[in-house]
Amino acid sequence: MVSDEALRFISEVFIGDRGDCYSYKTGGELVKFFNQNFGFEDIYQSGFPSRWWYVLDKLKELNERGQINDFFTLILSKRYLMKDKKINEIEALETREKALKLFNEQLQYDAYQLIQKDERFLLINEAEDLELIGEGGFALVYYRKSDNKVLKKLKDEYISHPGIRSRFKREYEITKSLQDIDGIIKLYSFDENKQLYEMEKGDYTLKTLITERNLSKKEKYHLVIQLMSIMANIHQRNVIHRDLSPSNILFVDGKMKIADFGLGKNFEVIHSHQTMYTNAYGQFFYCSPEQLNALKDGDKKSDGLLIGESD
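Residues numbered from 1 in each chain as written. Predicted model: local features only at pLDDT ≥ 70, side-chain atom pairs only at ≥ 80, totals over all residues. Heavy atoms only, no water.

The name given to the protein chain in an unreviewed UniProt entry is non-specific serine/threonine protein kinase, with the source organism recorded as Caldalkalibacillus uzonensis.

Here is the structure:
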């Protein structure tokens, strides 16, 4: 259950008392809003309660009716914000991001979150909506049922380490910088507070494909050509992966996509720090000899080892 404390906070943001995301609304305006949009038949008269209390009461009733998502979808819509604040489209979208961040910062204490799916905003219970589907050295991987996205999140024991947080953010930034390349897993937002990022869900991995299917030589050749083409485009950006393996080569709608740039490096970015946590070398059976000695010795040729062993 979302707490009354969280609903009060959301109410105060919506009525314009905090956050500067919405205009100030009088009691009469609030009654009109809920009557027109959600079928209430309230009358504004003397003895009207505190504005935030009135909205909180309406939100609790909308939640019971199963209409709470309709409320958030409306007030976070671009058109509503433009009209409410008398702002342009760009300002409305910026305001929406600000409001969404405020709401989620409060909702996290109840293990709830507002997420966007297409043009709607959904209030989800994280415990019920997230399914653990994988685990790495530093992160956990969850499947979010409500919008079919995957979340990669730093493990609790590593969140307090600035070096690991920096490396995790760099993984996201490297992958994000390659989004225009055909064959890179699609990323969405990065949440600094929770140390997680969102990405599209793969249907299966190359490991699954080669384990469960008896591939012909022609099919293997086609896979190698796809992989070489993607990696060539990545290398043209002066980026190396350094951790290629069948488990982080995914397929989405039958299309090959590279993921997991946790050991990736962009040679055009100068990093002013090193941490003990970069002292890894990748997955043993898919690691080049030079990386076994030192990760820093890995280069573009190191990414070619897996390709050379694919047959």
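**Side note on the side chain of K58**
Basically, it comes down to this: By the criteria applied, helices consist of DSSP H or I runs no shorter than four residues and strands consist of E runs no shorter than two, each listed in order from the N terminus. Partly exposed residues are those whose accessible area sits between 20% and 50% of the maximum for their type, while under 20% is buried and over 50% is exposed, using a 1.4 Å probe and protein chains only. Contact between two residues is taken to exist if any of their heavy atoms lie within 4.5 Å; hydrogens are not considered.
Relative to the helices and strands, K58 is located in helix α3 (residues 51-65). Given a relative accessible area of 5%, K58 falls into the buried group. Discounting residues that sit within four places of it in the chain, K58 has contacts with F34, F40 and D42.

**So, α3**
Note the cut-off: Given the number of residues in a helix, its expected span is that number minus one, multiplied by 1.5 Å.
For α3, built from 15 residues, the straight-helix expectation of 21 Å at 1.5 Å per residue is met to within 8% by its first-to-last C-alpha distance of 21 Å. Restricting attention to buried positions, one finds in α3 the residues R51, Y54, V55, L56, K58, L59 and L62. Tucked into the core, α3 has its buried residues touching α1 (4-14), α2 (27-38) and α4 (68-75). Two residues or fewer past α3, G66 is found with a positive phi of approximately 80°.

**Focus: the confidence of the model for the protein chain**
Just so we agree on the cut-off: Scored between 0 and 100, pLDDT is the confidence that the predictor attaches to each residue.
Looking at the protein chain, pLDDT values average 87 and 84% of them are 70 or higher. Throughout residues 267-279 the model reports pLDDT below 50, and contacts reaching past four residues in sequence, or to other chains, amount to 16 contacts. Ignoring residues within four places in sequence, the model shows residues 305-311, a span with pLDDT below 50, making 15 contacts including any to other chains.

**Details of the pattern of salt bridges**
Using the following cut-off: Here, a salt bridge means any side-chain nitrogen of Lys or Arg that lies within 4 Å of a carboxyl oxygen of Asp or Glu.
For the coordinates displayed, the defined rule picks out 26 salt bridges. The partner of K194 in a salt bridge is E126, and the shortest N-O contact between them spans 2.5 Å. Of this pair, K194 sits in the loop between β6 (187-191) and β7 (196-200) while E126 sits in helix α7 (residues 126-129), placing them 68 residues apart in sequence. Taking the relative accessible area as the measure of exposure, E126 reaches 18% and is therefore buried.

**Some thoughts on the environment of D70**
Test applied: Polar contact is the term for a pair of N or O atoms within 3.5 Å; when the atoms are in protein, one must be able to donate a hydrogen and the other to accept it, and sequence-neighboring residues count only if both atoms are side-chain atoms.
Looking at the element boundaries, D70 is found in helix α4. When near neighbours in sequence (up to four residues on either side) are disregarded, D70 contacts F38 and R120. In this structure the side chain of D70 is engaged in a polar contact, spanning 3.0 Å, whose partner is the side chain of R120.

**Concerning the packing of α2 against α4**
Our working rule: Geometry is summarised by axes, namely lines fitted to C-alpha atoms with helices restricted to the contacting stretch, and by angles between N-to-C directions that run from 0 to 180 degrees. An angle below 35 degrees is read as roughly parallel, one above 145 as roughly antiparallel, one from 65 to 115 as roughly perpendicular, and any other as oblique. Left-handed describes a crossing whose near helix is turned anticlockwise from the far helix by less than a right angle; the clockwise case is right-handed. Classification used: nonpolar for Ala, Val, Leu, Ile, Met, Phe, Trp, Tyr, Cys and Pro, charged for Asp, Glu, Lys and Arg, polar for all others including Gly.
α4 packs onto α2 with a crossing angle of 115° between their chain directions and a minimal axis gap of 12 Å. As the angle between them shows, α2 and α4 are arranged roughly perpendicular. Handedness of the α2/α4 crossing: right-handed. Contacts between α2 and α4 involve F33, F34, N37 and F38 from the first element and D70, F71, L74 and I75 from the second. Each residue belonging to the contact of α2 with α4 can be placed in one class, and the counts come to six nonpolar, one polar and one charged.

**Structural notes on α1**
Within α1, eight of the 11 residues are buried, which leaves the element mostly enclosed by the surrounding structure. Residues of α1 that are buried: A6, L7, F9, I10, S11, E12, V13 and F14. Of the residues trailing α1, G16 is marked for its positive phi of about 90°.

**A few points about the nonpolar core**
How we decide: Think of a nonpolar core as a cluster: buried Ala, Val, Leu, Ile, Met, Phe, Trp, Tyr and Cys residues, connected wherever their side-chain atoms sit within 4.5 Å.
In terms of nonpolar packing, the biggest core is built from 40 residues, with F14, Y22, F71, F72 and F103 touching the most fellow members. Those elements that provide at least two residues to this core are α1, α2, α3, α4, α5 (78-85), α6 (89-107), β1 (112-117) and β2 (120-125). Ignoring sequence-local partners within four residues, the contact set of F71 consists of I10, F14, F33, F34, F38, L59 and L62.

**Section: the pairing of β6**
This is how the line gets drawn: Here, a strand pair is defined by DSSP locating no fewer than two bridges between the strands.
For β6 and β7, the ladder comprises three bridges, and the chain directions are antiparallel. When the bridges of β7 are listed, D191 appears paired with L196. The loop that links β6 with its antiparallel partner β7 comprises four residues; one of these, Q195, has a positive phi angle of about 55°.

**Describing the sheet that holds strand β11 (residues 255-258)**
With antiparallel pairing, three strands are arranged side by side in an open sheet as β8-β10-β11. Lying at the two open borders of the sheet, with one neighbouring strand each, are β8 (204-205) and β11. Relative to strand β10 (residues 249-252), β8 runs antiparallel, the two being bridged by two bridges. Looking across to β10, one finds that Y204 is bridged to F251. Helix-sheet contacts for helix α11 (residues 217-236) involve β10 and β11, and the interaxial angle to β11 is about 40°.

**Thoughts on the packing of α5 against α6**
Two quantities define a packed helix pair, namely the angle between the axes and the distance from one axis to the other. One way to put it is that α5 packs onto α6 with a least axis distance of 9 Å and a crossing angle of 105°. Taken together, the axes of α5 and α6 are roughly perpendicular relative to one another. Contact with α5, carried on its side by K78, R79, L81 and M82, involves E89, A92, L93, T95 and R96 of α6 and no other residues of that element. Looking at side-chain class alone, the contact of α5 with α6 contains four nonpolar, one polar and four charged residues.

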